[in-house]
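A structural walkthrough
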Amino acid sequence: MAGLCGVERWEDAEKLLPEMVRNNCPPDEVTFNTIITSLCQKGLVNRAIKVAEQMTEQGCVADIFTYNSIIEGLCNEMCIDDAMKLLSNMQSYGCKPDIITYNTVLKGLCSADRWKDAEQLVVNMIHMSRPQMKLDLIRYYILYAIKDCFCKQLKF
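Residues numbered from 1 in each chain as written. Predicted model: local features only at pLDDT ≥ 70, side-chain atom pairs only at ≥ 80, totals over all residues. Heavy atoms only, no water.

Moving on, we come to the overall build of the protein chain. Scanning the protein chain for helices and strands turns up nine helices and zero strands. Helices and strands in the protein chain line up, N terminus first, as α-α-α-α-α-α-α-α-α. The burial tally for the protein chain puts 39% of its 156 residues in the buried class. The long-range fraction of contacts in the protein chain, counting pairs at least 24 apart against all pairs at least 6 apart in sequence, stands at 57%. When the accessible surface of the protein chain is split by element, carbon and sulfur atoms take 55% of a total near 9,200 Å². (Helix = DSSP H or I, 4+ residues; strand = E, 2+ residues; numbered from the N terminus. Buried < 20%, exposed > 50% of the residue type's maximum accessible area, 1.4 Å probe, protein only. Contact = heavy atoms within 4.5 Å. Areas by Shrake-Rupley, 256 points an atom, 1.4 Å probe, with all protein chains shown as cover.)

Moving on, we get to the pattern of salt bridges. By the definition in use, this model includes three salt bridges. Two residues, Arg114 and Asp117, come together in a salt bridge whose shortest N-O distance is 2.8 Å. Residue Lys116 is joined to Glu119 by a salt bridge in which the shortest nitrogen-to-oxygen separation is 3.8 Å. Of this pair, Lys116 and Glu119 both sit in helix H8 (residues 115–127), three residues apart, which is roughly one turn of that helix. (Salt bridge = Lys/Arg side-chain N within 4 Å of Asp/Glu carboxyl O.)

Phi is positive for Met78, close to 60°, though the residue is something other than glycine. Within the fold, Met78 resides in the loop between helix H5 (64–76) and helix H6 (80–89). The backbone phi angle of Asp113 is positive, close to 55°, even though this residue is not glycine.

Counting residues in each nonpolar core, the largest one holds 38 residues, and the members touching the most others are Phe32, Ile36, Ile70, Ile71, Leu87, Met90 and Leu121. Going through the elements one at a time, helix H2 (10–22), helix H3 (29–41), helix H4 (45–57), H5, H6, helix H7 (99–111) and H8 are the ones with two or more residues in this core. Discounting chain neighbours no more than four positions away, the residues touching Phe32 are Leu17, Pro27, Val51, Gln54, Met55, Gln58 and Cys60. (Core = buried A, V, L, I, M, F, W, Y, C linked by side-chain atoms within 4.5 Å.)

On to the environment of Asp117. The residue Asp117 is located in helix H8 in this model. Taking the C-alpha atoms as reference, Asp117 lies 10.0 Å from Val105; in sequence the two are 12 residues apart.

Here it is, written out as structure tokens:
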């Protein structure tokens, strides 16, 4: 699967999914995430979302890797509102955002010059921080995202 995606043969990768089911080797979350991540990295986010929909039809559950890939793809395509909506809906889908999820959206907001929204997201991150999201780690990722955005704007 990774080989097909690596050479951008997504149609073949997608055709392989039903063949796997027919051969009693159903695709799992890793299989789907391989396709989804590859599609998102190439800017084919809508197609990746359709693959994620197939994932649930096959009895697989989207995990943090699925959501992070799609959110990153949306942010890279400057579909920030869609990324924010997915972030806010993740928990209702049974998946809690992690520091990477928040950092990805934060970088997207900064890249889109949506500083007020970025500020609000930082406040939400701090309020929603869980034991595994230590405050020092949150600060590091916030600074990293902001530095990254400034460097891109100043073309360093």
